Amino acid sequence: MAELTILGLESSCDDTAAAVLRGREILSSVVLGQAELHAAFGGVVPEIAARAHAEKLDLAVEQALVQAGVPVGELDAIAVTSGPGLIGGVLSGVMMAKGIAAATGKPLIGVNHLAGHALTPRLTDDLAYPYLMLLVSGGHCQFLVVRGPQEFTRLGGTIDDAPGEAFDKTARLLGLPQPGGPSVEEEAKKGDEKRFRFPRPLLDREGCDLSFSGLKTALLRMRDKLIDEQGGLHAQDRADLCAGFQAAVRDVLAEKTKRALRLYLEANPAQPALAVAGGVAANKALRGALESLCDAHGVSFTAPPLRLCTDNAAMIAYAGGELLAAGERSDMTLAARPRWPLDKSAAPLLGSGKKGAKA
């Protein structure tokens with residue numbers, strides 16, 4: 001890809017982000033979080049998130065340009081997440097990007113947020129196509145064969161809760177702070193994963209689809225049983241519940257990844273590789289299991305740094321650069337999309353409605 005200088009914008013959930021990328025060099029990456037705004041509600045409130053994006057986007061852009069030392073007139077293009085995500089936040093980002101593009105005359109590129117995650121290993125490790133991607137985050141979990149910036153084959157995904165969502169709900173059930181992933185992982189270090197044997201959903205079913213809703217329900221029932229029997233929940237109980245829950249998620253993802261690898265390797269890729277991205281990719285127990293799996297199959301393992309696993313604008317700028325190099329452009333009719341599946345030929349995992357497939 002040519003060494004273009006691209007401004008990326010990301011506002012699909014609760015992080016307002018802007019970044020400037022030159023080729024694969026990240027000149028700046030600004031992420032303005034909203035954790036304190038949503039803390040009292042136990043989760044992201046879409047209306048609050050949208051208002052915060054509208055207030056912070058111009059600040060994020062200004063900081064990114066200043067840190068990069070790049071005047072807006074020297075940009076080659078503006079890339080923006082135009083879906084999927086919380087529609088208010090996505091719309092804020094799209095309108096900001098349109099304004100900058102109109103004022104500067106620079107090309108505008110709408111980017112699928114999931115493609116940003118899926119292409120991150122290309123940004124960090126120059127990973128060759130095709131590779132297998134496990135996208136595992138708060139809102140998504142999919143196995144994708146990535147063949148190009150717009151060519152994705154979904155091998156499977158979650159039919160209900162994403163792992164990150166399940167971690168967040170588990171943290172709320174056990175009185176742990178949000179975001180739930182790091183809290184549950186830290187608590188699990190003090191626990192015995194064998195004390196509570198939680199179910200491993202869908203392992204008895206063929207294919208690569210996953211389910212985590214029943215796992216969360218099993219933990220709720222065990223918590224309530226302990227409270228009824230003991231009159232409360234002890235510190236060790238909480239640690240053991242976290243350890244057991246984390247082990248179940250790890251085992252399910254490891255087994256399903258093994259199946260996805262088998263399908264991927266049938267195509268005999270020249271440089272077989274598994275990449276993992278998304279916030280849950282930071283979980284050390286999961287990373288360890290996936291690394292062992294790759295070693296056993298002779299497949300290279302790639303996991304971007306944590307700051308590029310969670311939502312950020314550098315990945316959007318990079319994906320926009322690949323699309324630009326492929327001749328893609330957007331215009332002022334670019335719309336914000338709450339739903340936007342990467343593999344348009346695959347059957348919807350979570351159903352569909354008037355606005356199209358959810359995932």
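This one's a predicted model, so the numbers in the text were calculated from it and none came from an experiment. Every residue gets a number counted from 1 within its own chain, in the order that chain's sequence is written. Selection of residues for local features in this predicted model requires a pLDDT of at least 70, selection of side-chain atom pairs for listing and counting requires 80 or more, and totals for whole chains, interfaces and linings are taken over all residues. Just so you know, side-chain values use all the structure's heavy atoms and leave hydrogens and water out.

S.K.: I'd like to hear about empty space enclosed by the protein, residue by residue, with values.
M.R.: The method works on a 1 Å grid over the protein atoms by themselves. A cavity is a set of points holding a 1.4 Å probe that cannot get out, a pocket is an open set with protein on both sides within 12 Å along at least five of seven lines, and residues with an atom within 4 Å of a point line them. Grid points are joined across faces, edges and corners, and a volume is the space filled by probe spheres set on the points. Under the counting rule described, the total for this entry stands at one cavity of 30 Å³ or more. What the largest cavity holds in volume is close to 40 Å³. Segments assigned H or I by DSSP are reported as helices when at least four residues long, segments assigned E as strands when at least two residues long, and all are numbered from the N terminus. Of all the elements, helix α8 (residues 235–265) adds the most residues to the lining of the largest cavity, at four residues. Side-chain classes are defined by residue name, with Ala, Val, Leu, Ile, Met, Phe, Trp, Tyr, Cys and Pro counting as nonpolar, Asp, Glu, Lys and Arg as charged, and the others, Gly among them, as polar. Taken together, the residues that form the lining of the largest cavity break down as five nonpolar, two polar and one charged.

S.K.: Got a sec to walk through the layout of surface pockets? Specific residues and values, please.
M.R.: To locate leftover empty space, one rolls a probe as large as a water molecule over the atoms. Reported here for the second largest pocket is a volume of approximately 250 Å³. Lining the second largest pocket are 15 residues, and of these G110, N112, Q150, L323 and W340 sit closest to its centre. Counted by class, the lining of the second largest pocket contains eight nonpolar, four polar and three charged residues.

S.K.: Just give me the short version of the environment of L220, but keep the residues and values in it.
M.R.: Its place among the elements puts L220 in helix α7 (residues 213–230). Between the C-alpha atom of L220 and that of L174, which follows or precedes it by 46 residues, the distance is 8.8 Å.

S.K.: So what about the pairing of strand β1 (residues 5–10)? Which residues, and what values?
M.R.: The side chains of a regular strand alternate between both faces of the sheet. Buried means the residue's accessible area, taken with a 1.4 Å probe over protein chains only, is under 20% of the maximum for its type, while exposed means over 50%, and partly exposed covers the values in between. With six of six residues buried, β1 is to be regarded as a mostly interior element. In β1, alternate side chains face the same way, and those of T5, L7 and L9 on one face and I6, G8 and E10 on the other are all buried. Strands were regarded as paired on the criterion that DSSP finds at least two bridges between them. In this sheet, strand β2 (residues 15–22) lies alongside β1 in antiparallel orientation, the contact comprising six bridges. Note on β2: the bridge partner recorded for E10 is A17. Joining the antiparallel neighbours β1 and β2 is a turn of four residues. Here β1 runs beside strand β4 (residues 77–83); their pairing, made up of four bridges, is parallel.

S.K.: Let's hear about the pattern of salt bridges: which residues, and what values?
M.R.: What counts as a salt bridge is simple: a side-chain nitrogen of Lys or Arg found within 4 Å of a carboxyl oxygen of Asp or Glu. What the rule picks out here adds up to 17 salt bridges. Salt-bridge contacts for D126 lead to R24; the nearest nitrogen and oxygen are separated by 2.8 Å. You can see D126 sitting in the loop between α4 (113–125) and β6 (131–136) and its partner R24 sitting in the loop between β2 and β3 (25–33), a full 102 residues away along the chain. Taking the relative accessible area as the measure of exposure, D126 reaches 46% and is therefore partly exposed. Taking the relative accessible area as the measure of exposure, R24 reaches 32% and is therefore partly exposed. Taking the shortest distance from any N to any O, the salt bridge between K258 and E255 comes out at 3.8 Å. Of this pair, K258 and E255 are both found in helix α8, three residues apart, which corresponds to roughly one turn of the helix. The class for E255 is partly exposed, based on a relative accessible area of 24%. Among the ionic contacts, a cluster of salt bridges with common partners joins D161, E165, K169 and K216.

S.K.: Summarise the packing of helix α2 (residues 46–68) against helix α3 (residues 87–104); cite the residues concerned and give the values.
M.R.: For helices, the axis comes from a line fit to the C-alpha atoms of the stretch in contact; other axes are also lines fit to C-alpha atoms, and the angle between any two N-to-C directions lies between 0 and 180 degrees. At their nearest, the axes of α2 and α3 sit 8 Å apart, and the two run at 30° to each other. By crossing handedness, the relation of α2 to α3 is classed as right-handed. The segment α2 lies against α3, with A50, H53, A54, L57, D58 and V61 engaging G88, G89, S92, G93, M96 and I100. In terms of residue class, the contact of α2 with α3 is made up of six nonpolar, five polar and one charged. The crossing is said to be left-handed when, going from far helix to near helix, the turn is anticlockwise and less than a right angle, and right-handed when the turn is clockwise. Between two residues, a contact is recorded if the distance between any of their heavy atoms is within 4.5 Å.

S.K.: Please give an account of the packing of α8 against helix α9 (residues 284–297) that cites residues and values.
M.R.: At a minimum axis distance of 9 Å, the contact between α8 and α9 shows a crossing angle of 30°. For the element pair α8 / α9, the angle class is roughly parallel. Both α8 and α9 take part in a crossing whose hand is right-handed. For the pair formed by α8 and α9, the contact residues are Q246, R250, L253, A254, T257, K258, L261 and L265 on the first element and A285, L286, A289, L290, L293 and H297 on the second. Here the contact of α8 with α9 is built from residues that sort into nine nonpolar, three polar and two charged. If an angle is under 35 degrees, it is roughly parallel; if it is over 145, roughly antiparallel; if it lies from 65 to 115, roughly perpendicular; otherwise it is oblique.

S.K.: Let's hear about unusual backbone geometry: which residues, and what values?
M.R.: The omega torsion of the bond from Y129 to P130 falls at -10°, within 30 degrees of zero and hence cis. Residue P179 is bonded to the preceding Q178 through a cis peptide linkage, with omega at 0°. Relative to the elements of secondary structure, P179 occurs in the loop between α5 (163–173) and α6 (180–188). Phi at D126 takes a positive value of approximately 50°, unusual for a residue other than glycine. Of note in this structure, N268 is not a glycine but carries a positive phi near 50°. You can see N268 is positioned in the loop between α8 and β9 (273–277). Overall, N268 belongs to the exposed group, its relative accessible area being 64%.

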